[in-house]
Amino acid sequence: MANLKEIRNRITSVSSTMQITSAMKMVSAAKLKKAQDAITAMRPYAEKLTELLQSLSATMDGEVGGSFTAQREVNKVLIVAVTSNRGLCGAFNSNVIKQAKLISDSYAGKQVDVFAIGKKGNDALGKTNKVVVNKSEVFDNLTFDAVAEIANELTDKFTSGEYDKIEIVYNQFKNAATQIVQTEQFLPLAPVKSDIPVTAGDYLFEPSKEEIVLTLIPKSLKTQLYKAIRDSFASEHGARMTAMHKATDNATELRDQLKLTYNKARQAAITNEILEIVGGAEALKG
């Protein structure tokens, strides 16, 4: 059994760790509320914009998406991996990294590069793939304008022919304890698939439907990317809050066990001292 000093040191160490994890849990809980409100407020707008774009596109003849819908032979693929800049958030980052590697493996024989948004994805995926860009700084000031610049950069890479397909991998926020890894095709725009017939309705379009669609597509792409990053941002805080809650519970349990071990060792030491004193007294009498 370890001596009393070693046990005391371990109790102090575990207590310090417990204070840190508990503080991190409270910080993440505070940040989660703001991030959750942001993504919850944004989702209806993003879904309605996508619905409007699909509705307009489905009632038009021919290719109306221009270069955004160009279907080319897939030889060069770009994976946009959205992770975090910091760890201590459970399997949040590893799930995205694992999914990105699975996508990369599915394009065997093709050129597959990574566009990293987050330091963790950049560090891990850089060992197996070529990371062409790392936009970790976007989380320092997460605004629509900052994400729009990234979306424009991705769009340019596709329309210029640098890449034939761009996919986004991120964690979708469901609740504080659940994050769902999602893979979405960013470009080219996938054709609308629906069994429900779409009617144009009795509307007057000004300007023309073609111009409206071509105006909505870039905005829709920016919104799609912004929603994915916002989802990931909220998921990160939820995952970290959950991980730190579990870590705090485990540290509390370990501290209690160590205290019990310490008390038993201390009691045994006191008992031995009493026995030695009594034995010594008996020896003097004899």
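A few points on the structure. Keep in mind that what you see is a predicted model, and the values were worked out from it rather than measured.

1. Regarding the sheet that holds strand 3 (residues 130–134)
Strand order in this open sheet of 5 strands is 3-2-1-4-5, and the pairing throughout is mixed. For this open sheet the edge positions go to strand 3 and strand 5 (178–187), each flanked by a neighbour on one side alone. Strand-to-strand twist across the sheet, computed as the mean angle between neighbouring axes with direction ignored, equals 25°. Alignment of strand 4 (residues 165–175) against strand 5, held across 9 bridges, turns out to be antiparallel. Among the inter-strand pairings, Phe173 is bridged to a residue of strand 5, identified as Gln179. Along the sheet, helix 2 (residues 92–106) contacts strand 1 (76–82), strand 2 (111–117), strand 4 and strand 5; its crossing angle with strand 4, the most-contacted strand, is approximately 150°. Lying over the sheet, helix 4 (residues 144–159) contacts strand 1, strand 2, strand 3, strand 4 and strand 5, oriented at roughly 45° with respect to strand 5.

2. Side note on the nonpolar core
Formed by 41 residues in total, the largest nonpolar core has its most connected members in Ile117, Leu154, Phe186 and Leu225. Residue assignment for this core shows that the elements contributing at least two residues are helix 1 (4–58), strand 1, strand 2, helix 4, strand 4, strand 5 and helix 5 (209–285). Considering each element in turn, this core owes the most residues, 11 residues, to helix 5. Contacts of Leu225, omitting those with residues within four sequence positions, involve Val147, Ile150, Ala151, Leu154, Ile168 and Phe186. Counting residues in each nonpolar core, the second largest holds 13 residues, with Ala81, Val114, Ala116 and Leu125 among its members.

3. Topic: helix 2
The first and last C-alpha atoms of helix 2 sit 22 Å apart over 15 residues, in line with the 21 Å expected at 1.5 Å per residue. Within the sequence span of helix 2, burial applies to Phe92, Asn93, Val96, Ile97, Ala100, Ile103 and Ser104. Seen along its axis, helix 2 keeps its buried residues to an arc of 120°; they face one direction. Residues of helix 2 that are exposed and angled more than 90 degrees away from the buried face: Lys98, Asp105 and Ser106. The inward-facing, buried residues of helix 2 abut strand 1, strand 2, helix 3 (119–125), strand 4, strand 5 and helix 5.

4. Brief notes about the packing of aromatic side chains
One pass over the structure, following the stated rule, counts 2 aromatic pairs. Taking the centre distance of 6.1 Å and the plane angle of 15° together, the rings of Phe139 and Phe233 count as stacked. A residue pair is termed long-range when its members are at least 10 positions apart, and Phe139 in the loop between strand 3 and helix 4 and Phe233 in helix 5 qualify at 94 residues. You'll find Phe139 and Phe233 in the same group, each marked buried. Taking 5.5 Å as the distance between ring centres and 85° as the angle between the ring planes, the aromatic pair formed by Phe144 and Tyr226 counts as edge-to-face. Note that Phe144 is positioned in helix 4 and Tyr226 in helix 5, a separation of 82 residues in sequence. Taking the relative accessible area as the measure of exposure, Phe144 reaches 28% and is therefore partly exposed.

5. Some words on the side chain of Asp231
Along the polypeptide, Asp231 turns up in helix 5. Once you skip the residues sitting within four places of it in the chain, Asp231 turns out to touch Ile39, Arg43, Tyr170, Asn171, Gln172 and Phe173.

6. Re the pattern of salt bridges
Scanning all chains against the criterion turns up 10 salt bridges. With a closest N to O distance of 2.8 Å, Lys33 and Asp37 form a salt bridge. Separated by 4 residues within a single helix, Lys33 and Asp37 lie in helix 1, roughly one turn from each other. Here Glu162 and Lys157 are joined by a salt bridge, their closest N and O atoms 3.6 Å apart. One salt-bridge network, held together by shared partners, links Arg43, Lys227 and Asp231.

Reading the values: the criteria
Within each chain, residue numbers correspond to sequence positions counted from 1 in written order. In keeping with the predicted nature of the model, local features appear solely for residues at pLDDT of at least 70, side-chain atom pairs appear and are counted solely at 80 or more, and the whole-chain, interface and lining totals rest on all residues. No hydrogens and no water enter the side-chain calculation; it runs on all heavy atoms of the structure. When DSSP locates at least two bridges between a pair of strands, those strands are taken to pair. A run of DSSP states H or I qualifies as a helix once it reaches four residues; a run of E qualifies as a strand once it reaches two. Both are numbered from the N-terminal end. Axis definition: a line fit to C-alpha positions, over the contact stretch in the case of helices; interaxial angles, taken between N-to-C directions, run 0 to 180 degrees. Two residues form a contact once any of their heavy atoms are found within 4.5 Å. Throughout, nonpolar core names a set of buried Ala, Val, Leu, Ile, Met, Phe, Trp, Tyr and Cys residues whose side chains join them through atoms within 4.5 Å. Partly exposed describes any residue whose relative accessible area lies between the buried limit of under 20% and the exposed limit of over 50%, with all areas from a 1.4 Å probe on protein chains only and scaled to the type maximum. Here a helix's expected span is defined as the number of its residues, less one, multiplied by 1.5 Å. The arc refers to the directions leading from the helix axis to the C-beta atoms. Two rings from Phe, Tyr or Trp (for Trp, the six-membered ring) form a pair when their centres are within 6.5 Å of each other. A pair whose planes differ by under 30 degrees is stacked, one over 60 is edge-to-face, and the rest are tilted. When a carboxyl oxygen of Asp or Glu is within 4 Å of a side-chain nitrogen of Lys or Arg, the pair counts as a salt bridge.

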